[in-house]
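Single-letter residue listing:
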Amino acid sequence: MQRPPHEDFSLKETKPHLGGGKVTGDKLTSTYDLVEQMLYLYVRVVKAKDLPAKDLTGSCDPYVEVKLGNYKGTTRHFEKKSNPEWMQIFAFSKDRIQASVLEATVKDKDVVKDDFMGRVLFDLNEVPKRVPPDSPLAAQWYRLEDRNGNKHKGELMLAVWWGTQADEAFPEAWHSDAATVSGADSLSSIRSKVYLSPKIWYLRVNVIEAQDLMPTDRTRFPDVFVKAILGNQALRTRSSMSKSINPMWNEDLMFVAAEPFEEPLILSVEDRVAPNKDEVLGRCAIPLQYVDRRLDNKPLNTRWYNLEKHVVITEGDKKKEIKFSSKIHMRICLEGGYHVLDESTHYSSDLRPTAKQLWKSTIGVLEVGILNAQGLSPMKTKDGRATTDAYCVAKYGQKWVRTRTIIDSAAPKWNEQYTWEVFDPCTVITIGVFDNCHLHGGDKAGGARDSRIGKVRIRLSTLETDRVYTHSYPLLVLHPNGVKKMGEIHLAVRFTCSSLLNMMNMYSQSLLPKMHYVNPLTVSQLDSLRHQATQIVSMRLSRAEPPLRKEVVEYMLDVGSHMWSMRRSKANFFRIMGVFGGLIAVGKWFDQICNWKNPITTVLIHILFLILVLYPELILPTIFLYLFLIGVWYYRWRPRHPPHMDTRLSCADNAHPDELDEEFDTFPTSRAPDLVRMRYDRLRSIAGRIQTVVGDLATQGERLQSLLSWRDPRATALFVIFCLVAAIVLYVTPFQVVALLTGFYVLRHPRFRHKLPSVPLNFFRRLPARTDCML
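Keep in mind that what you see is a predicted model, and the values were worked out from it rather than measured.

(A) Structural view of the overall build of the chain. Of regular secondary structure, the chain possesses 13 helices and 30 strands. For the chain, whose C-alpha radius of gyration is 36 Å, the value lies well above the compact-globule estimate of 28 Å for 775 residues. Reported as C-alpha extents along the three principal axes, the dimensions of the chain are approximately 120 × 105 × 55 Å. Counting the 775 residues in the chain, one finds 42% classified as buried. Sequence-distant contacts, at least 24 apart, represent 69% of the contacts inside the chain between residues at least 6 apart.

In structure tokens, the structure reads:
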């Protein structure tokens, strides 16, 4: 595979003309000061009156066609109405205008051909300009003209003005970009929208015991467990150890629930009468609206719930149906003190607990201007040519935003600005670019999916406050044939801090809410609950109008990032080596000192060592002063750009094709058995090496333990005698003398060294470990 040059994947700083040139550090300068100003011609079609009748009934089916050059927008039409009210707005981008006259024509809807009823013409040079916060321009009545310019019967109320994307009419207007889009559903799916994630809770069900169960088979001890179902989530307790009609469990089951609570919690007590056969002994449904909510770890009151079961009793020839209620003892609560994780903690955008009462005050404001994209790859074919209908989605905290879709453009210009409240600086905003595959009345069967073009993550703590960052970020996507640059997205980002003291204090606070540490959840619980939370969020957002589709939400939340990947494993290994690289470099430098590679440096180290031993109170100040000087020295090389996706760090630019194919394989696998066998063998060899390393680490730890365990009596006896002698010598010898002798011995000249291992190392390597006891 031909790898593109590395510089193609780099971040580029840009100098756009933002907000009409009014960019300053003050966040109150302008509502749209982080985007380039875009001019639009707005046309508000309000209503018409006294329209001439076109048929024998004395009425008409009017609609208005707004035409500007090659662009044409139409209002909805009314049946049998001569005084219609439309209240629709049209916006024409100035960049694409190729005419000097705006034409608003009233037409009568007809089966064969729509009839001309009159028109109004506007010279674009005479149209006024409006800039918010000016009040909206008042609409006026205009007499309709015929095609010869003569006054005609009927009047049309319009307002026409030049404005920018800051205009209140912008979000709901029909845009000339959408001139080729047909259908009301398609038009709604291309507009910019703001979405809110549902409020999500952890639901804790503490199943304690049950009483008076009535199993059908009285000749055996019941094998009883409790099954709990909430929506698509189903959990069960272990089987009760007490084999009786009054079993006990005292076990917690954890679920994810989202407001509004639409489905009840359904519990059933079941008896395992045979393999793969369970008998329901009782069932109950609990609406979550009435469940207690707690904010801390204080225990709530328990409750007894009735378990309903229909029992049929035969009396002679008659069957009598009665209801008998067993009881189940439980403690059920909605946990408001946890943060429900729906993102990876490595790049979470929100760390607040569910309960609003526990939220801390905001520390600042994040503003993002989504400017434009360049060089987007074509994502589909339409009318025999490749095209892209791109839109952006940004996610931070509970707020999701979606820009409008720019139709058929590889270089779309959005210039939309959004704002978020910030509660923690150590959070990440994610911005993704997608191709809209649901236009032109397509996707009748619902099988089309919006294609991913790429995404960008920006960690707020890496940004300087009150500085506007304008960069072009590469959009990188990993495909089965390698990493590919899908284009670039141009962003303007500003993080404004409202209280520097509060922000600095956040660095001393725990990352997650207190309940995560007071009553922690297990790793397996967190994985399962995160999966359920992402499913709930994607389902709720896909039910909005227009929907934020499931594939978009899952891509933004990195669903599936926990799956095995050879490429990611290599990348993490190299990251670890990079972390230890500094320690390895220090070790090599110290080895050079000990071997007198640079005699002057070694002599200086001897002098420094002598001073620190004679004046031990200088050791800690020297260490911290050295760290301070290193930090100040590195200040000149501090990063000036936000971090971005690094293909080299991710091992994406040189990944083997088979490793990528394995990463994109489905779960469970869909590949041929021979290929799966090869990959399984490769995984076993890698796991074998990891197993060896883990075993070596365990061996060293067990050797330390065996020093005093008398597992090797002779070795322990030698060590104990050595400790006694060392205690006596160190008691009578000043500490400075011992430290000096030890240091000078370590730093001795190479002519006094031996190539064989030292005596302490030989002794340690001879100590026994528990490897002898392993099978």
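Having seen the structure, we can now continue with the description.
(B) Up close: the confidence of the model for the chain. The pLDDT averaged across the chain works out to 84; a share of 93% of its residues lies at or above 70. Taken as a whole, residues 1–5 scores under 50 in pLDDT and shows 6 contacts with residues more than four places along the chain or in a different chain. The model gives residues 22–29 a pLDDT under 50, and that stretch makes 14 contacts with residues more than four places away or in other chains.

(C) Highlighting the packing of helix α7 (residues 599–614) against helix α12 (residues 735–746). Contact geometry for α7 and α12: axes closest at 9 Å, N-to-C directions at 160°. Classified by the angle their axes make, α7 and α12 are roughly antiparallel. The two elements α7 and α12 cross, and the hand of that crossing is right-handed. In this structure, α7 contributes H606, F609, L610, V613 and L614 to the contact, and α12 contributes Q736, A739, L740, G743 and F744. A class-by-class count of the residues in the contact of α7 with α12 yields 7 nonpolar, 3 polar and no charged.

(D) Up close: the UniProt feature "transmembrane region" (unreviewed entry) in the chain. In the numbering adopted here, UniProt assigns the feature "transmembrane region" (unreviewed entry) to residues 573–590, 602–635 and 717–747. Strand forms 0% of residues 573–590 and helix 100%; the C-alpha atoms that close the span are 25 Å apart. Regarding residues 602–635, the helix share stands at 85% and the strand share at 0%, and the terminal C-alpha atoms are separated by 29 Å.

(E) How the structure looks around the pairing of strand β30 (residues 482–497). With respect to burial, β30 is a largely interior element, 14 of its 16 residues being buried. In this sheet, β30 lies alongside strand β29 (residues 468–479) in antiparallel orientation, the contact comprising 12 bridges. Bridge assignment links S472 to a residue of β30, and that residue is H490. Where β29 hands over to β30, the hairpin turn is made up of 2 residues, counted between the paired strands.

(F) Region of the structure containing the sheet that holds strand β11 (residues 193–196). Within the open sheet, the 5 strands sit side by side as β11-β25-β24-β27-β28. Their pairing is antiparallel. The sheet terminates laterally at β11 and β28 (451–459), the two strands that pair on one side only. Across the sheet, the mean angle from the axis of one strand to that of its neighbour is 20°, orientation sign disregarded. Pairing of strand β24 (residues 390–396) with strand β27 (residues 428–435) involves 6 bridges; the strand directions are antiparallel. Of the residues in β27, the one forming a bridge with A394 is I431.

(G) Representation of the sheet that holds β29 within the structure. Spatially, the 5 strands line up as an open sheet ordered β1-β29-β30-β21-β26, and their pairing is antiparallel. The sheet is open, and its two borders are formed by β1 (12–13) and β26 (413–422), each paired with just one other strand. Pairing analysis gives 10 bridges linking strand β21 (residues 364–374) to β30, with the strands arranged antiparallel. Considered in β30, the bridge of I370 is made with L491.

(H) Fine view of the nonpolar core. Counting 65 residues, the largest nonpolar core has Y202, L366, W400, W420, I429 and I489 as the members making the most contacts within it. Setting aside its immediate chain neighbours within four residues, W420 contacts G364, V365, L366, V368, A394, Y396, K399, V401 and I429. Residues V226, A257, C284 and I328 belong to the second largest nonpolar core, which totals 29 residues.

(I) Representation of α12. Taking 1.5 Å per residue, 12 residues should reach 16 Å; α12 reaches 17 Å between its end C-alpha atoms and fits that length. A739, L740 and G743 are the residues of α12 that are buried. Along the axis of α12, the buried positions cluster into a sector of 100°, meaning they face one direction only. Opposite the buried face of α12, at more than 90 degrees from it, the exposed residues are L741 and Y745. Next to the buried residues of α12 lie α7.

Parameters and conventions
Residues numbered from 1 in each chain as written. Predicted model: local features only at pLDDT ≥ 70, side-chain atom pairs only at ≥ 80, totals over all residues. Heavy atoms only, no water. Helix = DSSP H or I, 4+ residues; strand = E, 2+ residues; numbered from the N terminus. Rg over C-alpha atoms; globule rule 2.2 N^0.38 Å. Buried < 20%, exposed > 50% of the residue type's maximum accessible area, 1.4 Å probe, protein only. Contact = heavy atoms within 4.5 Å. pLDDT = per-residue confidence, 0-100. Axes fitted to C-alpha atoms, helices over the stretch in contact; angles between N-to-C directions. Parallel < 35°, antiparallel > 145°, perpendicular 65-115°, else oblique. Left-handed = near helix turned anticlockwise from the far one by under 90°. Nonpolar A, V, L, I, M, F, W, Y, C, P; charged D, E, K, R; others polar. UniProt positions renumbered as here; feature names shortened; annotations may be inferred. Pairing = 2+ DSSP bridges. Core = buried A, V, L, I, M, F, W, Y, C linked by side-chain atoms within 4.5 Å. Expected span 1.5 Å × (residues − 1). Arc of directions from axis to C-beta.

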